[in-house]
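Coordinate analysis (summary)
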There are 2 protein chains.
Amino acid sequence: MANDKSPDKITPRAEDYSRWYLDVIRQAGLAEPAEVVKGCMVIKPHGYAIWEKIQRALDDRFKETGHQNAYFPLLIPESFLKKEAEHVEGFSPELAVVTHAGGQKLEEAYVIRPTSETIIGHFFAKWIQSWRDLPLLINQWANVMRWELRTRMFLRTGEFLWQEGHTAHASHEEAVEEVKRMLKIYAEFAEGHMAMPVVCGVKTESEKFAGAVQSFCIEAMMQDNKALQAGTSHDLGQNFGKAFDVKFQNKEGNQEFVWQTSWGVSTRLIGGLIMTHSDDNGLVLPPKLAPVHVAIVPIFGKGGDEAKVREAGASIEKELKAQGLAAVFDTREHKPGFKYFEWEQKGVPLRIEIGPRDVDANQVTVKDRLATAKETWPRAGLGERVKAYLDTFQNTLFERARKRMNDNTVRVDTWDDFKSVFAGENSKFVMAHWDGTRETEAKIKEELKVTVRCIPLDAPEEPGTCVLTGKPSSRRVLFAKSY
Amino acid sequence: MANDKSPDKITPRAEDYSRWYLDVIRQAGLAEPAEVVKGCMVIKPHGYAIWEKIQRALDDRFKETGHQNAYFPLLIPESFLKKEAEHVEGFSPELAVVTHAGGQKLEEAYVIRPTSETIIGHFFAKWIQSWRDLPLLINQWANVMRWELRTRMFLRTGEFLWQEGHTAHASHEEAVEEVKRMLKIYAEFAEGHMAMPVVCGVKTESEKFAGAVQSFCIEAMMQDNKALQAGTSHDLGQNFGKAFDVKFQNKEGNQEFVWQTSWGVSTRLIGGLIMTHSDDNGLVLPPKLAPVHVAIVPIFGKGGDEAKVREAGASIEKELKAQGLAAVFDTREHKPGFKYFEWEQKGVPLRIEIGPRDVDANQVTVKDRLATAKETWPRAGLGERVKAYLDTFQNTLFERARKRMNDNTVRVDTWDDFKSVFAGENSKFVMAHWDGTRETEAKIKEELKVTVRCIPLDAPEEPGTCVLTGKPSSRRVLFAKSY
C-alpha cells in the first residue's frame, strides 16, 4: 500500500482568501514559487497541461483568422526601448539587463523582452515595402520578463509565458478592426472555454499600454470581487511605425507609416481560471480546459472481486476515450478516499466510482466536482451521457460565474456609497460616473486603491455627474479594485 | 497584377555550399539573421510552421512514453552552474549574464539558461522523497542561450528553441533504459518524419555533454558529407543528484542519490532537414513536416474560362483537405510561373496546375518537387491518389538520403588514406580504428578538423589498429568533419 498520508488542507476562502489561492495552486500541483529566482515560478505538469489546452484553443483561432506564428529574439538592444518615449517610460523600471556574455562585457547591453513591439517593429521595417505586404499578421508564443516588486503566482510573476500578436495595416480603420477582432476572440475564449464572464472595454489614458493610442481589455471578476485584466488588445496607431521607420508605399505611390496593433494573453489566465471557479476543496476546472475530464476510481473489494472491477474500469476508460474524453483509470495503490481527495483538489470535473456491487448491478457511481451527493448511473450508454453531462457542467460553471458577477455589479451615484462599497478590502464592480480626468482617477486610486478598469463597450450614453467631483459625465465607467 | 519581379537566385551547391544553405533559407522564408542581436535569428512563419510540426510529432511521442511537460525559470543563479564541476567548465564560456534588474544591480547575477540540468536538479530535490516518486519524467519546451563565436542559422545560434527532457530514476539500469528509449525516439523521428537517416552511437569522453557519464547521439550526413549531431540523450549518472542533493528513500529504507538523464533536440533539426533534402532550386520538404503539402495553381486563361477554373481549383482544395492534407489554392494576382517558383523554393512536395483545358478533360497537371517533367492525372480519385503519392514521396526522400549516406561511408585503414579522404574541405563518414585516447582524438582534430562523431551502437567487435598511432583497437568508430 502506497503512502496514504492525508494531503495538506486548503485554507477556506472566508478565512484568508490570498492563502486559499496559494493553497489551491499547491494542492492541485499547478505551480510553485521558484524562490531562488526572484519573483519567478515553476509551472508544474498539471498547470502546464492547462496552459497547453489554452494555447491550442487560442492558436487555432489565431490561425483561422489568418495569423502566422513566428519567433523573434529574447534579447532586445537597450537602445530600442528608448525609441518610443511612452514605451520606455512604462517599461524601464521593470527591465532585466544582460551586461555580460561569452565572458566579456557587452558594448551595448541587451534587455530581456518585457514585450516585443520594439524588436518586431525593427523587422517589420525590413519586411514591409508596399501595400501588397499588408496586412502583416504575426503572433509569437514566448516567455517575457518584467521585474515586478510584488509578485503572485500566475497573476504577476517576473517571468511569464504569453502570446503576443503584432500586426501592421495600411489604414487606421483596418487596424482598429483587427484590435476589436482579437478582443472578441479573447472574450469568446474567456467565456466559452474558461467559463469566465468578462466585461469588454477601453482603458483610460492612465491605464493604457505604454505606447498605445488606445487599449482595449477584457476584465473578469474574481471571487473576492476584485477585477482581473485578463487580456488586452492595443491600437498602436503609427507610434511604433514612426519610432522604427516602418513605411509602405500606398496604392497612390506615396510613402506612409503603417498602422499597428498588438494583443496578448498570458499564463495569468490560469490565475483567473482558479479564482473564478475553485472552492474550499480545491481547484475546479471547466471541461474544455481540464487535462483530465474523468477520474475512474476502482473500489476493489475482497480478493475475488478485483478482476471484475479492473475489467469494468478498463472498459469504462476505453468507452470514454472513444468519446474523445481524457479519462484516467486510477489503479494506483492508494485507498479510494485518498484518490477522491486528490482528483478533487486537481479540479477533475467528474469522478466515476466502480465497485463489485456496481459491476453486478450494471451501474456506476458518479459525482461531479461541485455536487454534494453521489448519483447512480446505468453502465449502458455511459460514454454518451458523460460527454453530454460535461457540456452541461461547462455551462453550469459559466452561469454560476455570471450570476456572481451580476450580483456583485452595482450602480453607485454618491461618494459616500462609493467609499462604503470599497471599505477595507472590499470590492465590487461599480458602475459610476467619472469626469474623465487623470486627476480624479489618481485621487480615487490613492484613497481607495480603486481604479477605472475600463469604459465598457456596451455602456449606454447616460448623462450624470462624477462620483467624486460632481463634474458632468456622459456615461458610467467600471470601477473596481484589481489584481 | 501584383509585383512579379523574379525572386532572387539560389547559389548552386557546387559553387558555394555555405552560400547555398543561406540562400535556401532566405528564399524559403524560413529565417533571417537578427543582426541587431549578436548570433541570433528571427524564425519566420514558414520556418516556425515546420518547427510546430516537429514539436507536435515529438511531443506526442514523449507523452505516449509517460513524460509530462513543465516549465522552469529562464534565469539560473550563477552559483548553480558551479555546483557540477564539468558542467560549469563546459558552459561558462558561453553564458549570457543578467547583472541588473528593476533598476538595481543584483546581489547575485543570473545566467540565461544554456540548458536546465542545474535549476531542474534544484527542484527535483524538493519533489523527490521516496522511491514512490520515481521515475520522475519531465520535459520542457523552451528557449536557451549559448553565446557562440561562430554562428550559422538553425545550426548554431546564440538563442535557440529546443526541448529538454529531464528524468530521475531509482537505479542506474532504469536510467540507461530511458536514455536509450529517448535516443530511439529521436532516431525514429529523424528517419520516419524528417526522412533523414542517422547513425546512433555513443560520444567519446571529449565530445560528451559537460556533466554526463555517457552521451548517446544521432548523427546525420549532410550533402557536403559532413556530420550533424541531430539529437543527444545523456546518462547523467548521479552527478547532478550529488551536486543538488537529490536523494530518495529506497525500498530498503536507505537514502540514495537519484540516477538522472537528460535529452534534447532543437531548431537545429531544421538545419538538418534543409541540408539533407534541398537542391539548387531551394527547399525540399518531406510531406510529414511540410506545412503545405500541395499548392494548387490556377491558369485562368481567357475571360470566360476563369470561373470554371476557380470552381475546379476550389473543389480540388476541398477534396485534398478532406484527406487531411494541407492544400493551398493559390489565387493571388501573380503569374503562374512566379507561383511555381515560389512554391518550389518553399519546398512544397506537390504542385497541381489546373487550366481550362484540364477542366474540360477532367484532369490535372501534376509535378512533384523533385520531378523534372509534369504528369497528367485524372481528376477522379485525385484526393486518394495524392495522399498515397505523398507517402511514396516521403519514402523516396528517405531512400535517396540513405543511398547518399551509404555511398559516402567508407572503411579506412591507413593514415594516408584517412588524410586523403579529408583533404581540404572534403568529408565522408569514415569507419576507422581509434586507440581510444583523448590525445589521438585531439591530434586528428587539430590536423584535419575531423572528430570521432560517435562509436556506433551497431559497430561489431573487430580487432584492428588505430589509424593514427597503430595501437590496438577493438572496434571501428565513426569519423567525420562536422557542424
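Conventions we followed
- Residues numbered from 1 in each chain as written.
- Chains lettered and ligands numbered in written order.
- Predicted model: local features only at pLDDT ≥ 70, side-chain atom pairs only at ≥ 80, totals over all residues.
- Heavy atoms only, no water.
- Helix = DSSP H or I, 4+ residues; strand = E, 2+ residues; numbered from the N terminus.
- Rg over C-alpha atoms; globule rule 2.2 N^0.38 Å.
- Buried < 20%, exposed > 50% of the residue type's maximum accessible area, 1.4 Å probe, protein only.
- Areas by Shrake-Rupley, 256 points an atom, 1.4 Å probe, with all protein chains shown as cover.
- Pairing = 2+ DSSP bridges.
- Axes fitted to C-alpha atoms, helices over the stretch in contact; angles between N-to-C directions.
- Least-squares fit on C-alpha atoms with pLDDT ≥ 70 in both.
- Contact = heavy atoms within 4.5 Å.
- Salt bridge = Lys/Arg side-chain N within 4 Å of Asp/Glu carboxyl O.
- Polar contact = N/O pair within 3.5 Å; in protein donor to acceptor, adjacent residues only side chain to side chain.
- Buried area = accessible area lost by both parts, 1.4 Å probe.
- Nonpolar A, V, L, I, M, F, W, Y, C, P; charged D, E, K, R; others polar.
- Domains from an automatic or database assignment.

1. Here we look at the overall build of chain A
Across its full length, chain A holds 14 helices and 25 strands. Its C-alpha atoms give chain A a radius of gyration of 25 Å, within 12% of the compact-globule value 23 Å for 483 residues. If you line up chain A on its principal axes, its C-alpha atoms span 85 × 60 × 45 Å. By residue count, 59% of the 483 residues in chain A fall in the buried class. Of the roughly 19,700 Å² that chain A leaves accessible, carbon and sulfur atoms contribute 48%.

2. Topic: the sheet that holds strand 16 (residues 327-329) of chain B
Residues and elements named next belong to chain B. Strands sit in the order 16-15-17-18-19 across an open sheet of five strands; the sheet is mixed. Looking at the sheet topology across the chains shown, the edges are occupied by strand 16 and strand 19 (375-378). This sheet shows a mean twist of 30° between the axes of neighbouring strands, independent of strand direction. Here four bridges tie strand 17 (residues 350-354) to strand 18 (residues 363-368), and the two strands are oriented antiparallel to one another.

3. Remarks on the relation of the copies chain B and chain A
Between the two copies, chain B and chain A, the superposition gives an RMSD of 0.0 Å; the rotation angle is 180° and the shift along the axis is 0.0 Å. As the rotation angle and translation indicate, the two copies are arranged about a two-fold axis. Of the C-alpha atoms belonging to chain B, the one lying closest to the rotation axis is found on Val98 of chain B, 2.1 Å away. Of the interface residues in chain B, 100% have counterparts in chain A that sit at the interface too, so the contact is made through matching surfaces.

4. Comments concerning the pattern of salt bridges
A full pass over the atoms with the stated rule returns 77 salt bridges over all chains. Where Lys44 of chain A meets Glu32 of chain A, a salt bridge forms, and the shortest distance between an N and an O atom there is 3.4 Å. Here the residue Lys44 of chain A occupies a position in the loop between strand 2 (41-43) and helix 2 (45-64), and Glu32 of chain A occupies one in strand 1 (residues 31-33), the gap between them amounting to 12 residues. Exposure remark for Lys44 of chain A: the relative accessible area of 18% places this residue in the buried category. Classification of Glu32 of chain A by relative accessible area gives buried; the value is 13%. For the salt bridge of Glu219 of chain B with Arg453 of chain B, the shortest nitrogen-to-oxygen distance reads 3.0 Å. Of this pair, Glu219 of chain B sits in strand 10 (residues 214-221) while Arg453 of chain B sits in strand 22 (residues 451-456); the two residues are 234 residues apart in sequence, bridging distant segments of the chain.

5. A word on the environment of Glu164 of chain A
Residues and elements named next belong to chain A. For Glu164, the location among the structural elements is in strand 8 (residues 159-169). With 40 residues separating them in the primary sequence, Glu164 and Phe124 have C-alpha atoms 15 Å apart. Excluding residues within four positions of it along the chain, Glu164 makes contact with Arg113, Thr115, Ser116, Ile138, Asn139, Gln140, Val144 and Trp263. A polar side-chain atom of Glu164 sits 2.8 Å from a polar atom in the side chain of Ser116.

6. Some points on the interface of chain B and chain A
In many reports, interface size means the accessible area that the parts give up when they come together. Across the contact, 58 residues belong to chain B and 58 residues belong to chain A. A combined buried area of about 4,500 Å² lies between chain B and chain A, and 62% of that area is made up of carbon and sulfur atoms. Of all residues in chain B, Val36, Pro45 and Tyr71 of chain B give up the largest surface area on contact with chain A, accounting jointly for 14% of the area buried on that side. Connecting chain B to chain A are six salt bridges. Among the salt bridges present, the one from Lys63 of chain B reaches Glu52 of chain A, with a minimum N-O distance of 3.1 Å. Residues of the side of chain B that touches chain A, tallied by class, amount to 37 nonpolar, nine polar and 12 charged. Alignment of strand 5 (residues 96-101) of chain A against strand 5 (residues 96-101) of chain B, held across five bridges, turns out to be antiparallel. Bridging across to strand 5 of chain B, Ala101 of chain A finds its partner in Ala96 of chain B.

7. Some thoughts on the sheet that holds strand 9 (residues 198-202) of chain B
Residue and element names in this part refer to chain B. Strand order in the open sheet formed by 11 strands is 3-7-8-14-11-10-9-22-25-21-20, and the pairing between neighbours is mixed. Both edges of this open sheet fall to strand 3 (68-69) and strand 20 (409-411), since each of them pairs with a single strand only. When strand 9 meets strand 22, the two strands line up antiparallel, connected through two bridges. Paired with Val202 across the strands is Ile455, a residue of strand 22.

8. Quick word on the domain arrangement of chain A
Residues and elements named next belong to chain A. Annotation of chain A at the domain level lists domain 1 (17-277), domain 2 (287-396) and domain 3 (409-480). Summarising the inter-unit geometry, the C-alpha centres of domain 1 and domain 2 are found 39 Å apart. Facing 13 residues of domain 1, the contacting portion of domain 2 comprises eight residues. Both faces considered, domain 1 and domain 2 share a buried interface measuring about 1,000 Å² in area, 58% of it formed by carbon and sulfur atoms. Per-residue buried area on domain 1 facing domain 2 is highest for His46, Lys53 and His193; these three make up 48% of the total on that side. Our count for the contact surface shared by domain 1 and domain 2 stands at six residue pairs in polar contact (both at pLDDT 80 or more).

9. Section: unusual backbone geometry
All names here are of chain A. Note the cis peptide between Leu134 and Pro135, where omega equals -5°. Its place among the elements puts Pro135 in the loop between helix 5 (117-127) and strand 7 (136-145). Positive phi is not limited to glycine here, since Phe154 has a value of about 70°. For Ala195, which is not glycine, the phi torsion reads 55° and is therefore positive. Residue placement: Ala195 occurs in the loop between helix 6 (172-192) and strand 9 (198-202). Of the residues examined, Ala195 reaches a relative accessible area of 0% and is grouped as buried.

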